[in-house]
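# Residue-level structural notes
Chain by chain, the residues:
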Amino acid sequence: MSTLISFDDQHTGKKPQEVLKAYFGYDSFRPMQEEIIELVIDNKDALVIMPTGGGKSICYQIPALVKKGIGIIISPLISLMRDQVEGLKQNGIAAAYINSSQTSHEQQKIERACAYGDIKLLYVSPEKLATDWFLSFLRTLEINLFAIDEAHCISFWGHDFRPEYKQLGLLKNKFPNIPVIALTATADKLTRKDIVEQLNIQTAKQFISSFDRPNLQLMVQPGRDRLGQIVQYLKSHQTESGIIYCLSRKSTESLAQKLRDKGYKAAHYHAKLPPKKRAAVQDAFLRDDLQIVCATIAFGMGIDKSNVRFVLHYNLPKNIESYYQEIGRAGRDGLSSDAILFYTYADVNTHRTIIEDEASDIKNVKITKLLRLQQFAETNTCRRKVLLNYFGEKLDQNCGSCDVCQNPRKTFDGTIIAQKVMSAVARCREKAAMGTIVYVLRGRVNNQIVAQGFNKIKTFGKGKDFKEQEWFDFITQLLNLGYLEIAYDQHNALKLTEHSRKVLFEGEKVKLVQPVDRQAAVPKIRKKTKKEMFEDGLFERLRVLRKQIAIAVELAPYQIFNDKTLRAMTQTLPINEKEFIEISGVGVHKLTEYGQAFIEAIINFVAEEGGKIKGGTKIVTYHYHLQGLKPEIIADRRQVTLSTIYNHFAGLLTRGIEIDVSEIIPAEEYQDIANMIKKHGLDSKLRDLYAALGEQYDYGIIQLVLNWLQLEHDKTVK
Ligand code: ADP
Ligand code: ZN
């Protein structure tokens, strides 16, 4: 691999926008990025709150690059540091990290490189940073900024407090003139306040971006036959990576086993696995060797993998913050990704029991948070609205993509249904749990029902008009409407409430929502168009190439190019360097390293497919040309006229592909036409040239020579 360019002289003073394209391959900034970058370049402090995948890193990487000196980034996790540094190196940026995973020899080497000015971005752990020795080392460097990643770790109020972060307040005291930029995806006010206070950056400008992640499709499914539903889902996502979150370690193991039995590459991950095994699972997942990780919440922090296409919740998370954080690991590359939550009442109870058993003085807060998530799961309005609302943001329109928007709920008069349920609850002496009530309504028996004599009550079997699943749904709604309660301390028995009496005895009407058909709720697999099938085929081809390269250079595939960049290639079919660098996500370094291989793969694929895609036929001609075939032979092979082939070449020339025309067409013909063009001028009309040449050449060949001479001319002018 080529050596990293030593930068200082190369990009210092360059415009942020230029650096964005040259090194990161992107054409424009996302909202707020540019303003943050300008501010930090101007030596001011900033607090940046953006959701995962929002693009925080660029906010400090670009200022560090365009300013003289070195940027110091404090990051809590070794795996995260390594990932970031690898990613930067892939973009041709001189970055390094120092942490406890290295030998002192390795550390010294990096320190020396910093001293020589060979490093632009240095990642360091908070505990390393705060040592006296390291601080005095820092004094010898020309530091242009301090970036504090995952800044919420400093706050006791955040969800991931790390004591080592406490010491970071000293930075502003010891280096008062160097800007500090703190970044996190944790939004709440208290944490925010804590961060600026503890870091001594009270005057920092705060940037809080929207928490909406429009590319995530939010779905909640009833948690029955979860395995069946998951397998169904995976059938249409055979090659895509995903995480399935489970509540218990045991269920991660059993689910992964079941998926393996069905032929999927799945593994489990939880905190009790030996560190080696954990690292192996994480690594295999990052490298696309493992498709699915069934994990507890222990998995995810520090996973930068951009092509996670789905996050499924086998169990309900404990609150909306956790849910949001976990689904946030999907779709970091901005491509459409799924977040499916399987919801059961049983999970609500499990969480409740866990919380009740804790010796915590914030039990009530925890219960309330759990209930908010439950409301989200049961909502009959746009889920994205509910989610953003929780984070204090208002979405004016329904998102149109969540399951509720896709299947708008219909309400109907459910009074009789409510009465049947309530009567069953009453006649079971308020001693039966939800499952038993459903059995009773449907007229099913089990030992308990017989023992209690519930099969003798009047309501037994009076609910055969609805399926079991529908009864579960109705009862859940009645619970949420306050018409029933669950006595958690009495084996979850259903109880009547004040409100139920009104329905039973005072004629109050109950409005219910039509249960959604589970099959209908799962998005239908649409038949793909020819164009989509072509693109999918090419995407697979490019994925394989990416994987081969990744193995060769010992990186994760997404660090070569992310899925979004590959997708863009399948849509625009770049066939030369000029077109290749236009692709979002391709910078100069990646163009040099990988451009040729990807261009070749694209050309070959188009040729194999017979060019049956818009713009494809010229590429096929080009493919034959690259194999050294003469135009006549190409015309023969492709069963088209020679003139058509000349036309293709003319088109390729205007795309900036240099094909020496004087070499591919007969010498006399070339001379003849070229002389005439030179005589009449490069801007002459095709028709006039045709006439001047005595109508003995066809338009195709004249156009081709004309284009070639124009191109040659433009080159000499430049
Ligand atoms: P965060 O740290 O906020 O979770 P990252 O900094 O890792 O997010 O960025 C997420 C993804 O978005 C990365 O793949 C990054 O390269 C990409 N990205 C960042 N800024 C832009 C931009 N202006 N245009 C296109 N992609 C961007
Ligand atoms: Zn919606």
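Residues numbered from 1 in each chain as written. Chains lettered and ligands numbered in written order. Predicted model: local features only at pLDDT ≥ 70, side-chain atom pairs only at ≥ 80, totals over all residues. Heavy atoms only, no water.

## What about the overall build of the protein?
Across its full length, the protein carries 36 helices and 17 strands. Taken over the C-alpha atoms alone, the protein extends approximately 105 × 70 × 45 Å along its principal axes. Classification of the 718 residues of the protein by burial places 53% in the buried group. For the protein, restricting intrachain contacts to residue pairs at least 6 apart in sequence, the fraction spanning at least 24 positions comes to 70%. (Helix = DSSP H or I, 4+ residues; strand = E, 2+ residues; numbered from the N terminus. Buried < 20%, exposed > 50% of the residue type's maximum accessible area, 1.4 Å probe, protein only. Contact = heavy atoms within 4.5 Å.)

## Re empty space enclosed by the protein
On inspection of all chains with the given rule, the structure shows one cavity of 30 Å³ or more. By volume, the largest cavity amounts to about 60 Å³. Lining the largest cavity are F211, D212, R213, L216, L218, Y324, I327, R384, L387 and L388. Counting residues per element, the ones that place at least two in the lining of the largest cavity are β8 (216-222), α14 (320-327) and α17 (383-390). The element that contributes the greatest number of residues to the lining of the largest cavity is α17, accounting for three residues. A class-by-class count of the residues in the lining of the largest cavity yields seven nonpolar, no polar and three charged. (1 Å grid on protein atoms, 1.4 Å probe; cavity = no way out; pocket = protein on both sides within 12 Å on 5 of 7 lines; lining within 4 Å. Points joined across faces, edges and corners; volume = space filled by probe spheres on them. Nonpolar A, V, L, I, M, F, W, Y, C, P; charged D, E, K, R; others polar.)

## Here we look at the side chain of D347
Summarising the element assignment, D347 is placed in helix α15 (residues 345-357). With relative accessibility at 6%, the residue D347 sits in the buried group. Engagement of the side chain of D347 in a polar contact is seen with the backbone nitrogen of L316, the distance being 3.1 Å. Non-local contacts of D347, meaning those with residues more than four positions away in its chain, are made with R226, Y314, N315, L316 and F342. (Polar contact = N/O pair within 3.5 Å; in protein donor to acceptor, adjacent residues only side chain to side chain.)

## What to know about the site of ligand 1
Around ligand 1 lies a shell of 15 residues, among which Y26, S28, G53, K56 and S57 are the nearest. In the environment of ligand 1, an oxygen atom lies 3.2 Å from a nitrogen or oxygen atom belonging to the side chain of R30. Contact with the protein chains covers 82% of the free accessible surface of ligand 1, which is 570 Å². The class makeup of the residues in the shell around ligand 1 is four nonpolar, eight polar and three charged. (Near = heavy atom within 4 Å. Areas by Shrake-Rupley, 256 points an atom, 1.4 Å probe, with all protein chains shown as cover.)

## A short note on the domain arrangement of the protein
Domains assigned within the protein are domain 1 (16-208), domain 2 (216-363), domain 3 (411-513) and domain 4 (530-717). One C-alpha centre belongs to domain 3, the other to domain 4, and the line joining them spans 70 Å. (Domains from an automatic or database assignment.)

## Things to note about the packing of helix α30 (residues 616-626) against helix α32 (residues 642-654)
Running from amino to carboxyl end, α30 crosses α32 at an angle of 95 degrees, the nearest separation of the two axes being 9 Å. Relative to α32, the element α30 lies roughly perpendicular. On α32, the residues that touch T617, K618, T621, Y622 and H625 of α30 are I645, H648, F649, G651 and L652. A breakdown of the residues in the contact of α30 with α32 according to their chemical character gives four nonpolar, five polar and one charged. (Axes fitted to C-alpha atoms, helices over the stretch in contact; angles between N-to-C directions. Parallel < 35°, antiparallel > 145°, perpendicular 65-115°, else oblique.)

## Section: the packing of aromatic side chains
Applying the stated criterion to the full structure yields 21 aromatic pairs. Centre to centre, the rings of W471 and F474 are 5.8 Å apart; their planes meet at 80 degrees, and the pair counts as edge-to-face. Linking W471 with F474, this pair stays in helix α22 (residues 468-480), spanning three residues, or about one helical turn. Comparing W471 with F474, the two get one shared label, buried. One aromatic cluster is present, formed by F211, Y324, Y390 and F391 through successive ring pairs. The residue whose ring lies beneath R383 is F376, and the NZ or CZ to ring-centre distance is 5.8 Å. (Phe/Tyr/Trp six-rings, centres within 6.5 Å; stacked < 30°, edge-to-face > 60°. Lys NZ or Arg CZ within 6 Å of the ring centre and 35° of its normal.)

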